[in-house]
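# Topology and contacts: notes
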Amino acid sequence: MIITTIKELRDYLDTHRQAGKTIGLVPTMGFLHEGHLSLIRRAKAGNDIVVVSDFVNPTQFAPNEDFESYPRNIERDERLATGAGAHAIFYPSAEEMYPHGSSTFVEVTGDITRVLCGASRPAHFKGVTTVVAMLFNIVQPQKAYFGQKDAQQAAVLMKMVTDLHMNIDLVVCPIVREKDGLAMSSRNTYLSAAERAQAPILNRALLEGKTAFEKGENSVEGLIQLITGKINEAPLADIDYVSIYAFPSLETIETVEEKALAAVAVRFGKTRLIDNIILEK
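Now for a description of the structure that goes with this document. Remember, it's a predicted structure, so these values are computed and weren't measured experimentally.

Basis of the calculations
- Residues numbered from 1 in each chain as written.
- Predicted model: local features only at pLDDT ≥ 70, side-chain atom pairs only at ≥ 80, totals over all residues.
- Heavy atoms only, no water.
- Helix = DSSP H or I, 4+ residues; strand = E, 2+ residues; numbered from the N terminus.
- Expected span 1.5 Å × (residues − 1).
- Buried < 20%, exposed > 50% of the residue type's maximum accessible area, 1.4 Å probe, protein only.
- Salt bridge = Lys/Arg side-chain N within 4 Å of Asp/Glu carboxyl O.
- Pairing = 2+ DSSP bridges.
- Axes fitted to C-alpha atoms, helices over the stretch in contact; angles between N-to-C directions.
- Contact = heavy atoms within 4.5 Å.

With that out of the way, let us pick up helix α7 (residues 124–139). Between its first and last C-alpha atoms α7 spans 23 Å; for 16 residues at 1.5 Å apiece the expected length is 22 Å, and the two agree. Of all 16 residues in α7, 13 are buried; the element is thus mostly enclosed. Of the residues trailing α7, Gln140 is marked for its positive phi of about 50 degrees.

Spelled out as structure tokens, the structure:
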């Protein structure tokens, strides 16, 4: 069932809430793939009602990014989401979410939003936290589900929920990958055949870094050099960053002593892909 207005969604959910049913939310930007469907199935297992938001959020895109060309197919999304267990697909317009004159934002500040993707996309997380806060307010779920592929996003949202005392449980689920290791992403459809063939180097490089860590290499500089060298074996890879930070704080570290995030962003042609792995003994 597709719902396009906030009032209709609230009315639908109020009926279930009054019946004592629990609600799970899976926020997405649509063009669903198996990674999204795994989140929906996880939400279905833990809640009575599952809402999937399907909204390409304009405030998290910079003027030179791919907002207009971002893949969209609501009919396909409805079929896939319903098949995975979703009860309602919230598909609002930008005007519904941001009515004329809307000028309120939710922003997490500090290093957590300045490093990794925040360094090259300075307005991105302000848009993410604003739209997710709105979705939390509209849906009022007990639980919301996010993928580990967007690890910085998950960390930022955890910070927002903690700082604003939001009564919601964030569930971060493992990355879902193609058979060759490439993290599933809606943007994978942009890749040419040659770029797609080289893209799995991201996962292989991160796995080599994890193996080195497990064998005793805990220098951040050394691990970054190893991962970078492996990615550079792919001629079409153009590295945006290879970084390692404490997780989930994303504080700067020189050695990996506790839980850390090794994250990469790499361009193949015009397509920017991200991937990560957790380093933890």
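Now, onward.
Quick look at the pattern of salt bridges now. Using the criterion set out here, one finds 12 salt bridges in the structure. Here Arg114 ties to Asp111 by a salt bridge, and the two come within 2.9 Å at their closest N and O atoms. In this pair, Arg114 and Asp111 both sit in helix α5 (residues 111–114), 3 residues apart, roughly one turn of the helix. Accessibility expressed as a relative area gives 44% for Asp111, which makes it partly exposed. With a shortest N-O distance of 3.8 Å, Lys149 and Asp150 are connected by a salt bridge. Judged by its relative accessible area of 15%, Lys149 is buried. Residue class for Asp150 comes out partly exposed when judged on its relative accessible area of 29%.

On to the sheet that holds strand β8 (residues 260–268). Pairing within the open sheet is antiparallel, and its 3 strands lie in the order β7-β8-β9. For this open sheet the edge positions go to β7 (237–246) and β9 (271–279), each flanked by a neighbour on one side alone. Between one strand and the next, the sheet's axes are offset by a mean angle of 15 degrees, whatever the strand orientation. As paired strands, β7 and β8 are joined by 9 bridges and run antiparallel to one another. From the neighbouring strand, Ala246 faces β8, where its bridge partner is Ala260. Its contacts with the sheet put helix α11 (residues 220–231) on β7, β8 and β9, and the angle it makes with β7 is roughly 155 degrees.

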